[in-house]
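What follows is the residue order along each chain.
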Amino acid sequence: MNEFYQKDIISIKEFDREKLEKIFASTDKIMQLNSTERRKICKGNTLAYLFYEPSTRTRLSFDSAMASVGGNSLGISDITSSSAQKGESLADTVRIMSIYSDVLVLRHTLDGSSKFAAEVSEKPIINAGSGTEEHPTQAIQDLFTIKKEKKKIDGLKIGIIGDLKYGRTVYSLLHGLGNYDVDVHLISPESLRVRSDSIYEIKKKLSYTESTDIEEYIDELDVLYVTRIQKERFPDEEEYLKVKGSYVVGLDLLKQMKDDSIILHPLPRLDEISTDIDNTKNAKYFEQAEYGKHVRAALLGLILNENGF
Ligand code: NCD
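For clarity, every value in this text was computed on a predicted model and none was experimentally measured.

Conventions and cut-offs
- Residues numbered from 1 in each chain as written.
- Predicted model: local features only at pLDDT ≥ 70, side-chain atom pairs only at ≥ 80, totals over all residues.
- Heavy atoms only, no water.
- Patch = residues over 30% accessible without salt bridge, like charges linked within 9 Å, V, L, I, M, F, W, Y side chains within 5 Å.
- Areas by Shrake-Rupley, 256 points an atom, 1.4 Å probe, with all protein chains shown as cover.
- Salt bridge = Lys/Arg side-chain N within 4 Å of Asp/Glu carboxyl O.
- Helix = DSSP H or I, 4+ residues; strand = E, 2+ residues; numbered from the N terminus.
- Axes fitted to C-alpha atoms, helices over the stretch in contact; angles between N-to-C directions.
- Parallel < 35°, antiparallel > 145°, perpendicular 65-115°, else oblique.
- Left-handed = near helix turned anticlockwise from the far one by under 90°.
- Contact = heavy atoms within 4.5 Å.
- Nonpolar A, V, L, I, M, F, W, Y, C, P; charged D, E, K, R; others polar.
- Buried < 20%, exposed > 50% of the residue type's maximum accessible area, 1.4 Å probe, protein only.
- Polar contact = N/O pair within 3.5 Å; in protein donor to acceptor, adjacent residues only side chain to side chain.
- Pairing = 2+ DSSP bridges.
- Phe/Tyr/Trp six-rings, centres within 6.5 Å; stacked < 30°, edge-to-face > 60°.
- Lys NZ or Arg CZ within 6 Å of the ring centre and 35° of its normal.

J.: Can you break down a nonpolar patch on the surface residue by residue, with the values?
T.: Nonpolar side chains collect at one region of the surface, where Leu74, Ile96, Ile99 and Tyr100 lie side by side and expose about 380 Å² of accessible area between them. With respect to the helices, strands and loops of the structure, Leu74 is situated in strand β2 (residues 72–76).

Given below as structure tokens:
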């Protein structure tokens, strides 16, 4: 039996290097299969999505991934159109949706929401973003992108810049990177440093430096992972305005970087990456979004097939 069969994906912390590499190998396989072969993988299966927060890529890439492996999707992308608006609880909504589907993809404003949902769901839950805590499938996609574009993960110098306090993709990525031998440089305004409770855990797995100055290590980086300042998570607009626009990655910065460095971003981008970068060979954020679809198709194939595919 394949070890992912009928399993939830709640946290990247559940994935050691061996598991990640298995998912990468399955993703490579998905990318090589022709569409007829691919469509057999989840034929007859249904994915349900339940999104309490806005999403473009995550929801649509799951939807499109499921279609690419022959399954179908249904769900709620705007919670105001569902019975949650009438006051139905998350538990009841999840219970009902799990009756109508084979796997459920949940995005919610609260930390711990996916873990809670997994306890009441009859079907596997995939965490598509839980508060400021985690976004595990994004991290798998990010690691896969690094591996594809740099041909390795070990030995790389990786800068992570932006909102490291509220950005859930950062936490999942850091825990994922903890399985590899990498040097990480965390770059953020003082008030947006990685939360101290998390850094304590991350410290055990990863060597990193923290800085407010983007130029400090810029010429050494192999990967620069840029994140959006998470306006909606600030308790106070004033605090947001103080850090808004703190960093902008533009052509002048790119010139200081290694010729073969890559720029990643989970997207959506606001003003933290200048659009001038988009057509350079270093910009890989759109490729990253595309890999996300294949990674998610592989995950669905593994979760829904007892013997893998
Ligand atoms: C991210 C998220 O929702 O955490 N988006 C995504 O899924 N690609 C990043 C963000 O919103 O800034």
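J.: Report on the packing of helix α4 (residues 90–99) against helix α5 (residues 113–120), specifying residues and quantitative values.
T.: Here α4 crosses α5 at 55°, and the two axes come no closer than 9 Å. If you check the angle between α4 and α5, you find them oblique. Crossing handedness for the pair α4 and α5: right-handed. Every residue of α5 that contacts α4 at Leu90, Ala91, Val94 and Arg95 is listed here: Ser113, Phe116, Ala117 and Val120. Of the residues contributing to the contact of α4 with α5, the split by class is six nonpolar, one polar and one charged.

J.: Can you break down the packing of helix α1 (residues 17–32) against helix α6 (residues 136–150) residue by residue, with the values?
T.: As a packed pair, α1 and α6 sit with axes 11 Å apart at the nearest point and diverge in direction by 70°. Here α1 lies roughly perpendicular to α6, going by the angle between them. On the side of α1, the interface is formed by Leu20, Glu21, Ile23, Phe24, Thr27, Asp28 and Met31, while α6 contributes Ile140, Leu143, Phe144, Lys147 and Lys148. Taken together, the residues of the contact of α1 with α6 break down into seven nonpolar, one polar and four charged.

J.: Outline the side chain of Arg168, listing residues and values.
T.: On the secondary structure map, Arg168 appears in helix α7 (residues 168–177). When its relative accessible area of 7% is taken as the criterion, Arg168 is described as buried. Among the polar contacts made by the side chain of Arg168, one reaches the side chain of Glu53 at a distance of 3.0 Å. Those residues in contact with Arg168 that sit more than four places away from it in its chain are Glu53, Arg107, His108, Gly129, Ser130, Gly131, Thr132, Glu133, Glu134, His135 and Arg233.

J.: Explain the pairing of strand β8 (residues 223–226) to me, using residue names and the numbers behind them.
T.: Here β8 shows two buried faces, one formed by Val223 and Tyr225 and the other by Leu224 and Val226. As paired strands, strand β5 (residues 157–161) and β8 are joined by four bridges and run parallel to one another. The residue of β8 that forms the bridge with Ile161 is Val226. Here β8 pairs with strand β9 (residues 262–264) via three bridges, running parallel. Bridging across to β9, Leu224 finds its partner in Ile263.

J.: Account for the pattern of salt bridges, naming residues and giving values.
T.: All told, the structure shown has 22 salt bridges when counted by the stated rule. Between Glu201 and Lys13 there is a salt bridge, and its shortest N-O distance comes to 3.6 Å. Placement of the pair is Glu201 in helix α8 (residues 196–203) and Lys13 in the segment before α1, with a sequence separation of 188 residues. Judged by its relative accessible area of 33%, Glu201 falls in the partly exposed class. What makes Lys13 partly exposed here is its relative accessible area of 45%. Here Arg193 makes a salt bridge to Glu210, at a shortest N to O gap of 3.2 Å. Note that Arg193 is positioned in the loop between β6 (183–187) and α8 and Glu210 in strand β7 (residues 207–211), a separation of 17 residues in sequence. Since its relative accessible area comes to 33%, Glu210 is described here as partly exposed. Here the residues in one salt-bridge network are Glu3, Glu18 and Lys22, joined through shared partners.

J.: Describe the packing of aromatic side chains, listing the residues and the values that go with them.
T.: Summed over the entire model, instances satisfying the criterion amount to seven aromatic pairs. Taken together, a centroid distance of 5.7 Å and an interplanar angle of 50° make the contact between Phe24 and Phe144 tilted. Here Phe24 is found in helix α1, whereas its partner Phe144 is found in helix α6, with 120 residues between them in sequence. No difference in accessibility class separates Phe24 from Phe144, as the two residues are buried. The rings of Phe24, Phe144 and Tyr291 are connected pair by pair, giving a single aromatic cluster. Here Arg59 stacks its cationic end above the ring of Tyr49, 4.7 Å away from the centre of that ring.

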